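Summary of the model geometry
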Amino acid sequence: MRDVAVLGVGMYRFGMYYDVSNATMAREAGMAALRDAGLSFRDVNAAYVGHIFAQVMSGVRVMKEFGLTGIPVQRIENASATGSAAFREACLQVAAGHADVVMVLGFDKMTTMIQQSTQGTAPENMEDAILPAGFFALWATRRMHERGMKAEHLAKIAAKNFNNGALNPMAQRQADTFITPEKVLGARMVAWPLTTMMSCPMGDGAACAIVGRADLAKKLRPDRPVVRVTASDLQSEKYARGHLFMGPVVGPAQMTIDTSKNVYEEAGVGPSDLDLVQVHDAFAIEELEYYELLGLCKVGEAEKCIEQGDFERDGRVAVSTDGGLIARGHPGGPTGLAQIWETTLQLRGEAGKRQVENARIGLCHMMGGGSVCVIHILQRD
Amino acid sequence: MTTATRPRVPIKPGYFTIPDDPGLPPKLLGTKCQDCGEHYFPRRAICARPECLSEKTSDVELGPRGTLYSYTFVHLPLFGSSNLEHAEGYGVGQVDLPEGPRVQLPLAGKQGEFRIGQTLEAELNTLREDGGSDIVIVRFRPVEAGR
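Overview of the structure. The structure presented is a predicted model; accordingly, all values stated were derived computationally and were not measured.

**Observations regarding the overall build of chain A**
Secondary structure summary: chain A contains 13 helices and 12 strands in total. Scaling as 2.2 N^0.38, a compact globule of 381 residues should have a C-alpha radius of gyration of about 21 Å, and chain A matches this with 19 Å. Dimensions along the principal axes, computed over C-alpha positions, put chain A at roughly 55 × 50 × 45 Å. Burial status across chain A gives 62% buried among its 381 residues. For chain A, long-range pairs separated by at least 24 residues make up 78% of all intrachain contacts whose partners lie at least 6 apart in sequence. For chain A, the accessible area works out to roughly 14200 Å², and carbon and sulfur atoms hold 49% of it.

This is the structure:
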């Protein structure tokens with residue numbers, strides 16, 4: 001992934017917006033990213049739209065908000081990893097030399113989805129019995145059995161992410177007091193041992209990244225460091241015993257291990273070189289598992305590392321610095337791009353109160369149901 | 001022992017049997033690969049193993065007993081159910097079948113009644129009524145020791 005850089009990023013704060021349309025959120029996030037890049041929509045050569053709960057034409061139609069310039073527009077969907085998958089396509093487009101500047105725009109409105117789902121007929125699917133929270137709770141129970149994990153470890157992860165999110169103006173959940181693990185444990189139970197505060201919220205939002213040739217980044221904004229995309233990989237799962245073919249299926253362990261090996265090799269860095277990491281923490285147990293699968297700690301040592309505070313903002317490697325899916329929110333399409341937004345700001349040294357000191361290398365990891373794993377590595381020059 | 005019951009209709013055909021004798025457990029409807037011997041649930045046309053991918057597959061019945069791999073209790077009503085038992089929540093488990101597949105389905109019972117490694121048996125459970133019939137799903141119930 002040589003010579004591809006993030007030229008600009010923008011977000012429409014994640015939240016619950018019953019009166020704001022997808023088009024409005026997408027346009028504002030997109031315009032913010034263009035302004036950040038120092039570009040006009042006239043300069044954009046191609047666009048990828050990440051939108052999960054989509055109707056036909058919803059990609060090309062939302063791009064008309066910016067003007068009708070004739071550029072190629074495609075919608076990408078890969079469940080929770082939609083924004084990440086769209087970002088990858090944009091990077092490949094630039095790396096292949098087909099475009100100098102590509103816009104990646106993710107948006108979604110889960111509030112609309114909720115309204116629509118209550119209008120439909122009764123579900124007729126065996127899979128409806130297993131909610132994502134239930135699926136990840138099964139990971140947690142098994143981990144307790146195998147490794148002696150306790151609900152307190154998950155609560156410590158969630159509390160960290162809430163407290164990081166409180167420093168992020170784009171985060172959906174803004175805690176007004178310091179969140180303790182005890183408070184997380186005392187929240188309403190969703191699927192034992194996961195409480196509401198160990199789970200991501202429903203929400204709406206948009207996020208945008210402009211990617212382009214790395215030499216353009218320096219020309220457009222000579223005042224700040226260039227943030228390069230040095231590795232990109234997307235994998236779907238390989239069959240293994242224990243695979244589930246029914247219900248929400250997200251992330252067999254080997255898929256994250258394999259994808260991360262590829263990006264470390266492509267970027268020429270290892271997990272110990274990372275300054276910050278964003279993971280798919282839709283539920284706190286996921287973040288714990290990904291510490292090990294991404295190689296941030298040894299297998300079986302996640303609990304010990306959590307107790308030591310290794311993944312706090314000032315720890316060995318900062319994880320979910322913007323609050324993660326748990327506090328920043330997870331509307332769907334834009335989530336992976338919110339990770340790019342956060343990592344780009346951090347690598348430029350523009351992350352304000354949540355800035356990780358001297359951040360140089362960041363990793364963004366998303367899982368998509370079905371299932372897929374998408375990982376990118378971003379590096380400051 | 002058979003008792004008079006209302007007709008039982010699966011929520012979706014093709015996933016499990018409905019025995020004529022209500023006292024008997026259902027069996028899951030799966031697939032066996034004729035080339036490599038791997039079993040799957042639910043049914044599929046092509047073997048999923050990357051080194052096999054055989055199209056020579058056939059329908060088989062799986063279970064009805066298995067071993068609990070993991071469990072949880074979901075504190076939300078079961079989607080699409082009008083059964084009062086499901087209003088306060090429901091168990092969910094991953095069950096390893098003796099033929100090989102791991103399946104993820106609802107469990108009968110409460111949080112404290114499940115433990116990893118225990119033996120469970122499939123049963124039919126009424127989700128709601130439809131006309132004169134019961135719409136049923138399949139779930140697993142812990143088998144009590146000695147039973």
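**Observations concerning the side chain of A:E303**
For A:E303, the location among the structural elements is in helix α11 (residues 302–308). Leave out the neighbours within four places in its chain, and A:E303 touches A:R143, A:R147, A:M149, A:H153 and A:L288.

**Observations regarding helix α9 (residues 253–267) of chain A**
Residues and elements named next belong to chain A. Between its terminal C-alpha atoms α9 stretches 22 Å, which fits the 21 Å expected from 15 residues at 1.5 Å a residue. By the burial criterion, the buried members of α9 are M255, T256, D258, T259, S260, V263, Y264 and A267. The inward-facing, buried residues of α9 contact β8 (227–236), α10 (284–293), β11 (361–368) and β12 (372–380). One or two steps after α9, the chain reaches G268, where phi turns positive at roughly 70°.

**Looking at the packing of helix α5 (residues 132–147) of chain A against α10(A)**
Residues and elements named next belong to chain A. Here α5 crosses α10 at 60°, and the two axes come no closer than 9 Å. The angle between α5 and α10 places the two elements in the oblique class. The way α5 lies across α10 gives a crossing that is left-handed. Where α5 approaches α10, its residues F136, W139, A140 and R143 are matched on the opposing element by I285, E286, L288, E289, Y290 and E292. Grouping the constituent residues of the contact of α5 with α10 by class yields 6 nonpolar, no polar and 4 charged.

**Description of the side chain of A:T343**
Residues and elements named next belong to chain A. Inspection of the secondary structure puts T343 in helix α13 (residues 335–348). For T343, a relative accessible area of 0% translates into the label buried. When near neighbours in sequence (up to four residues on either side) are disregarded, T343 contacts L276, Q278, G362, C364 and L378.

Reading the values: the criteria
Residues numbered from 1 in each chain as written. Chains lettered and ligands numbered in written order. Predicted model: local features only at pLDDT ≥ 70, side-chain atom pairs only at ≥ 80, totals over all residues. Heavy atoms only, no water. Helix = DSSP H or I, 4+ residues; strand = E, 2+ residues; numbered from the N terminus. Rg over C-alpha atoms; globule rule 2.2 N^0.38 Å. Buried < 20%, exposed > 50% of the residue type's maximum accessible area, 1.4 Å probe, protein only. Contact = heavy atoms within 4.5 Å. Areas by Shrake-Rupley, 256 points an atom, 1.4 Å probe, with all protein chains shown as cover. Expected span 1.5 Å × (residues − 1). Axes fitted to C-alpha atoms, helices over the stretch in contact; angles between N-to-C directions. Parallel < 35°, antiparallel > 145°, perpendicular 65-115°, else oblique. Left-handed = near helix turned anticlockwise from the far one by under 90°. Nonpolar A, V, L, I, M, F, W, Y, C, P; charged D, E, K, R; others polar.

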